[in-house]
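Geometric and topological summary
Listed below, chain by chain, are the residues.
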Amino acid sequence: MMLKKRNWLVALLAGLMSISFVLSGCGGSDSSSSSTSTSGSATATGSAAEKLDPIEISFFITDPGQAPTPDNKIYKKIKEELGVSINWEFLVGDKNQKIGVLIAGGEYPDVITMSSDIISKFVGAGALVPLEDIIDKSAPNLKKHYEPYKNKVKDVTDGHFYVMPDYGVYYNDFSINVNEGPAFFIQKAVLKDAGYPKVKTLDQYFDLIEKYKAKNPTIDGQPTIGFEVLSEGWRDFCLKNPPQHLIGHPNDGGVVVDSETNTAEFFWDKDYAKRYYKKLNEINAKGLLDPESFTMNYDQYMAKLSSGRVLGMFDQHWNFSNAELTLKTQKKDERTYAPLPLVFDEGIQDYYMDRPVLNVNTGYAITKSAKDPERIIKFFDALLTEKWQKILGWGIEGEDYMVDDQGMYYMTPEQRVNYNDQTWRLGNMAHTLWYYAPKMEGTFEDGNATSPGGQPKEYFDALSDYDKEFLKAYGYDQQSDFFSPAPENRISYPAWQIDLVDGSPASLANTKVGDIATKYLPKAILAKPDKFDSVWEEYVNQLHKEDIQAYIDRINEQLAWRAENWK
């Protein structure tokens, strides 16, 4: 819910730290991004054309991951043409502990991935380099890229620009074929077994899962899991966010915002929240909920999804998409997931898919330990040319993708297999660098999408025969057709990006109610059904002992500020 921030994609963590953002909104690298597209392309001149001295840059990725192979062809090309070699470090173990050690020591890698839940720690420690002057002087592509959002990217505490948002800047036209945002997901096999019904309500959803699990108690020799809940760390939005969507509101993190009055409501103690968790209590009593839901970590969650035996969960697609890649590699397309924008009652309009929103506070930041911040910025500036964006998004022409007679990009079946193979990517794509870097989204000047997933024809042609038949059964052309069209974003949207300011009453309240929810929601869900109401009452009483008003006041203050300054 609210916790601090978030985001992205990785991001995060809540009670842990002191983060002060409206965490649960988390978007990660969700598809959300700016509602304003940037016309034209970044210049191919400027730093990209300069002959720069070779440099080795150390990167710390604040998420688990794997380093590319030493012979990775894209990184070799970057070294040859841009003079940059990269020394990768990925998160191992507890993120908060690692960051605490870094800050205490005062020595940092040159570049660190930021997220809403940790940025204020680094800013507060004076660990980050303000980028506005460097970009203004030496990075014409980055300057143009962020110009429409110059007020949004400023740190709310001191007005400096520390983090280069990774997602949310669109160029020219764009198509969202896959909505990477939130939904209740369900295995395609469950929907096929039921005759491809259009599922609208939470009750309909769990009825389907219950019937399928009864018919298929095991999948590939392992017990079938009806519904999974991820509640670890900042990813606890999987546990805490669903009620707002079930009443027809978009992802605002820990609050529901009235679009007419632009004011927020804390919803964790509301009757509609109780209705959702009581439903989880009910399905737990039926044996549909994974008993390990509230003890497993993210890696264990991904392993379960990748096994193909989890029938459903609430999540954001970007948060588990790698599990689907694993399933596809195993030719288990029927075990991948379809998104369902569920509501409590059929009369409620679903509002899960939103217009693109700039992913502020998530992306790369340069630390004070970097010896040459300007040289690093020039590297990112060079990557923001169409030449390098095509290499990072598509690969090498003729090797990783082809060009047809009309100049449109496509992939052969073999190239598509490679593109979806995580092992192959380690040797042939610079996916990690690209994922967190400032990037073009939308289309290039020649009309091609900035990545294969955004190219409508390539998206459909790349689908497996199973997925084509699955979409055909629903009369859809793409995954995003499961959602109602996204309305225009409120100017102040989304509230989950609001910085609560570390150490403030709002931040402290956010942390405390987050801890209370983390303790009591599992307790209520796992209670015997006749005990649910008493546990819920105790939970709400504990929430009301905290200074929720301070939290709401901060949110409403920032919503009003945005409405005035983001016009």
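Residues numbered from 1 in each chain as written. Predicted model: local features only at pLDDT ≥ 70, side-chain atom pairs only at ≥ 80, totals over all residues. Heavy atoms only, no water.

Some details on the overall build of the chain
Definition in use: Numbering goes from the N terminus for both helices and strands, where a helix is a DSSP run of H or I of at least four residues and a strand is a run of E of at least two. For this measure, only C-alpha atoms enter the radius of gyration; the expected value for a globule follows 2.2 Å times N^0.38, where N is the number of residues. The cut-offs for exposure are 20% and 50% of the maximum accessible area for each residue type, with area from a 1.4 Å probe on protein chains only; residues under the lower value are buried, those over the upper are exposed, and the others partly exposed. Whether two residues touch is decided by their heavy atoms; if any such pair falls within 4.5 Å, the residues are in contact.
Within the chain, the regular secondary structure consists of 22 helices and 18 strands. At 23 Å, the chain has a C-alpha radius of gyration in line with the 24 Å of a compact globule built from 567 residues. Dimensions of the chain along its principal axes, counting C-alpha atoms only, are 70 × 55 × 40 Å. Within the chain, the proportion of its 567 residues that are buried is 60%. For the chain, restricting intrachain contacts to residue pairs at least 6 apart in sequence, the fraction spanning at least 24 positions comes to 78%.

A short note on the sheet that holds strand β10 (residues 225-228)
Keep this limit in mind: Two strands qualify as a pair provided DSSP detects at least 2 bridges between them. Orientation is described by lines fitted to C-alpha atoms, with helices fitted over the stretch in contact, and by angles between N-to-C directions that extend from 0 to 180 degrees.
Reading across from one edge, β10-β13-β7-β14 is the order of the four strands in this open sheet, with mixed pairing throughout. A single partner strand is all that each edge strand has here, and the edge strands are β10 and β14 (337-340). Averaged over all neighbouring strand pairs, the angle between strand axes comes to 20°, with direction disregarded. The pairing of strand β7 (residues 182-187) with strand β13 (residues 310-316) spans five bridges and is classified as antiparallel. Within β13, the residue paired with Ala183 across the bridge is Asp315.

Considering the packing of helix α11 (residues 298-307) against helix α12 (residues 317-329)
Worth spelling out the cut-off: Less than a right angle of anticlockwise turn of the near helix away from the far helix marks a crossing as left-handed, whereas a clockwise turn marks it as right-handed. Nonpolar residues are Ala, Val, Leu, Ile, Met, Phe, Trp, Tyr, Cys and Pro. Charged residues are Asp, Glu, Lys and Arg, and all others, Gly as well, are polar.
Taken N-terminus to C-terminus, the directions of α11 and α12 make an angle of 40°; their axes are 8 Å apart at the nearest point. Relative to α12, the crossing made by α11 is right-handed. Within the contact between the two elements, α11 uses Tyr298, Met302, Leu305, Ser306 and Ser307 and α12 uses Asn319, Phe320, Asn322, Ala323, Thr326 and Leu327. The class makeup of the residues in the contact of α11 with α12 is six nonpolar, five polar and no charged.

Here's the deal with the packing of helix α7 (residues 202-215) against helix α10 (residues 271-285)
Under the convention used in this document: An angle counts as roughly parallel when it lies under 35 degrees, as roughly antiparallel when it exceeds 145, as roughly perpendicular when it falls between 65 and 115, and as oblique in every other case.
The geometry of α7 relative to α10 is characterised by a closest axis approach of 12 Å and an angle of 15° between their N-to-C directions. In terms of axis orientation, α7 runs roughly parallel to α10. Viewed along their axes, α7 and α10 form a crossing whose handedness is right-handed. Contact residues: α7 offers Leu202, Asp203 and Phe206, while α10 offers Tyr276, Lys279, Leu280 and Ile283. In terms of residue class, the contact of α7 with α10 is made up of five nonpolar, no polar and two charged.

A look at the side chain of Asn251
As a reminder, the rule being used: Polar contact is defined as a pair of N or O atoms within 3.5 Å, subject to the rule that within protein one atom must be able to donate a hydrogen and the other to accept it, and that residues adjacent in sequence are counted only when both atoms are side-chain atoms.
Relative to the helices and strands, Asn251 resides in the loop between α9 (242-246) and β11 (255-258). Within the structure, Asn251 has its side chain in polar contact with the side chain of Asn241 (distance 3.3 Å).

What to know about the confidence of the model for the chain
For the record, the criterion: One number per residue, pLDDT, summarises how confident the predictor is, and it ranges from 0 to 100.
On average, residues of the chain carry a pLDDT of 90, and 91% of them reach 70 or more. Here residues 1-37 is a poorly scored stretch, pLDDT under 50, and it has 231 contacts once near neighbours within four places are set aside; other chains count. Confidence over residues 39-48 falls short of pLDDT 50; this stretch has 27 contacts with residues more than four positions distant or in other chains.

A short note on the side chain of Gln558
Tracing the backbone shows Gln558 in helix α22 (residues 548-565). A distance of 3.4 Å separates a polar atom in the side chain of Gln558 from a polar atom in the side chain of Glu557.

A closer look at helix α2 (residues 95-105)
For clarity, the threshold we go by: To be clear, the arc concerns the directions from the helix axis to the C-beta atoms.
Of the residues making up α2, those classed as buried are Lys95, Asn96, Ile99 and Leu102. Across the axial projection of α2, the buried residues extend over an arc of 125°, all falling on one side. Residues of α2 that are exposed and point more than 90 degrees away from the buried face comprise Gln97, Val101, Ala104 and Gly105. Put simply, Asp94 is the residue that caps the front of α2, since its side-chain oxygen is 3.1 Å from the backbone nitrogen of Asn96. Just downstream of α2, Gly106 is the residue with a positive phi angle, here 75°.

A short note on the pairing of β11
Two strands pair when backbone bridges link them, and β11 and strand β12 (residues 263-266) are joined in this way by four bridges, in the antiparallel orientation. Residue pairing for β12: Val256 is matched across the bridge by Glu265.

Considering the pairing of strand β15 (residues 363-366)
One ladder, built from four bridges, connects strand β4 (residues 111-114) with β15; its direction is antiparallel. Counterpart to Val111 in the pairing with β15 is Ile366. Examined bridge by bridge, strand β5 (residues 164-165) and β15 share two bridges and lie antiparallel to one another. Paired with Pro165 across the strands is Gly363, a residue of β15.

Observations concerning the pattern of salt bridges
The line we're drawing: Salt bridge, as applied in this entry: a Lys or Arg side-chain nitrogen positioned within 4 Å of an Asp or Glu carboxyl oxygen.
Considering all chains together, one arrives at 28 salt bridges under this definition. Residue Asp193 pairs with Lys215 through a salt bridge whose shortest N-O separation is 2.9 Å. Pair noted here: Asp193 is in helix α6 (residues 188-193) and Lys215 is in helix α7, with a separation of 22 residues, a long-range link. Look at Asp193 and you get partly exposed, because its relative accessible area is 39%. Judged by relative accessible area, Lys215 falls into the exposed class, the value being 52%. With a shortest N-O distance of 3.0 Å, Arg355 and Glu488 are connected by a salt bridge. With a gap of 133 residues between them, Arg355 in the loop between β14 and β15 and Glu488 in the loop between α19 (465-474) and α20 (505-526) connect regions that are remote in the sequence. Relative accessible area serves as the criterion here: at 31%, Arg355 is assigned to the partly exposed category.

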